[in-house]
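Chain by chain, the residues:
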Amino acid sequence: MAYRRVVTLLGVGGVGKTTFAYRVLGVSETPVLTLRPSYYRFYIGDLEIDLVDVPGQRVFEVAAKFTSFKIPIVDRLVYMYDLTNYDTLYAISELHTIFIERGSRVAKEYVVVGNKRDIAEEIGVFIEADEIASSIGASEIYYISAVKDPPRVFREILLGKS
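Residues numbered from 1 in each chain as written. Predicted model: local features only at pLDDT ≥ 70, side-chain atom pairs only at ≥ 80, totals over all residues. Heavy atoms only, no water.

Visitor: Is there a simple way to think about helix H2 (residues 59-68) in this case?
Guide: In an α-helix there are 3.6 residues to a turn, and that puts residues three or four apart on one side. Those residues of H2 that fall on the buried side of the exposure criterion are Val-59, Val-62, Ala-63 and Phe-66. The arc enclosing the buried residues of H2, seen along the axis, measures out at 95°, which places them on a common side. Those residues of H2 that are buried are in contact with strand S1 (3-10), strand S4 (76-82) and helix H3 (86-101). At the C-terminal side of H2, Lys-70 shows a positive phi close to 50°. (Buried < 20%, exposed > 50% of the residue type's maximum accessible area, 1.4 Å probe, protein only. Helix = DSSP H or I, 4+ residues; strand = E, 2+ residues; numbered from the N terminus. Arc of directions from axis to C-beta. Contact = heavy atoms within 4.5 Å.)

Given below as structure tokens:
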């Protein structure tokens, strides 16, 4: 018997949400600017995964598009940021605050993913998420390259370390 898990990708524009989704799905195309929430259904064994990629360049735009999509239950919310850009990390805190102020707990689990590790290592800038992850109650932090890491890394982000 299959069971279902809803995973949502949130973050401001340019952090790699769509690249991550494409890699998870095995799509080899170069991602284009996402204008509306993208919804993907795929399977890992008996597990049905609904992956939602929420677009938006700025915090309020992302929050508005997420809430307009009306997802009843999000099992795992993946907040993504660019490891080389502090503003994208701070945007996670802003997004989470917006949801708290609206009185909604939007997910059962929160995870923070710092993306573009390959670029961060190349230029020598690596912004860690420990403080913000702790403040939002994130259960896990990952530092990845959505372009270069193997698929098993993405599965762990979607499903957890269990």
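Don't stop here, the text continues.
Visitor: Quick question: what am I supposed to make of the side chain of Thr-8 here?
Guide: Here Thr-8 shows up in strand S1. Those residues in contact with Thr-8, other than ones at most four positions away along the chain, are Val-52, Val-54, Phe-66, Ile-71, Val-74, Arg-76, Leu-77 and Val-78.

Visitor: Mind showing me how you'd approach the packing of helix H1 (residues 17-25) against helix H6 (residues 151-159) here?
Guide: The description of two helices packed together rests on the angle between their axes and the distance between the axes. Running from amino to carboxyl end, H1 crosses H6 at an angle of 110°, the nearest separation of the two axes being 9 Å. By the angle between their axes, H1 is roughly perpendicular relative to H6. Contacts between H1 and H6 involve Phe-20, Arg-23 and Val-24 from the first element and Pro-151, Phe-154, Ile-157 and Leu-158 from the second. Within the contact of H1 with H6, the residues separate by chemical class into six nonpolar, no polar and one charged. (Axes fitted to C-alpha atoms, helices over the stretch in contact; angles between N-to-C directions. Parallel < 35°, antiparallel > 145°, perpendicular 65-115°, else oblique. Nonpolar A, V, L, I, M, F, W, Y, C, P; charged D, E, K, R; others polar.)

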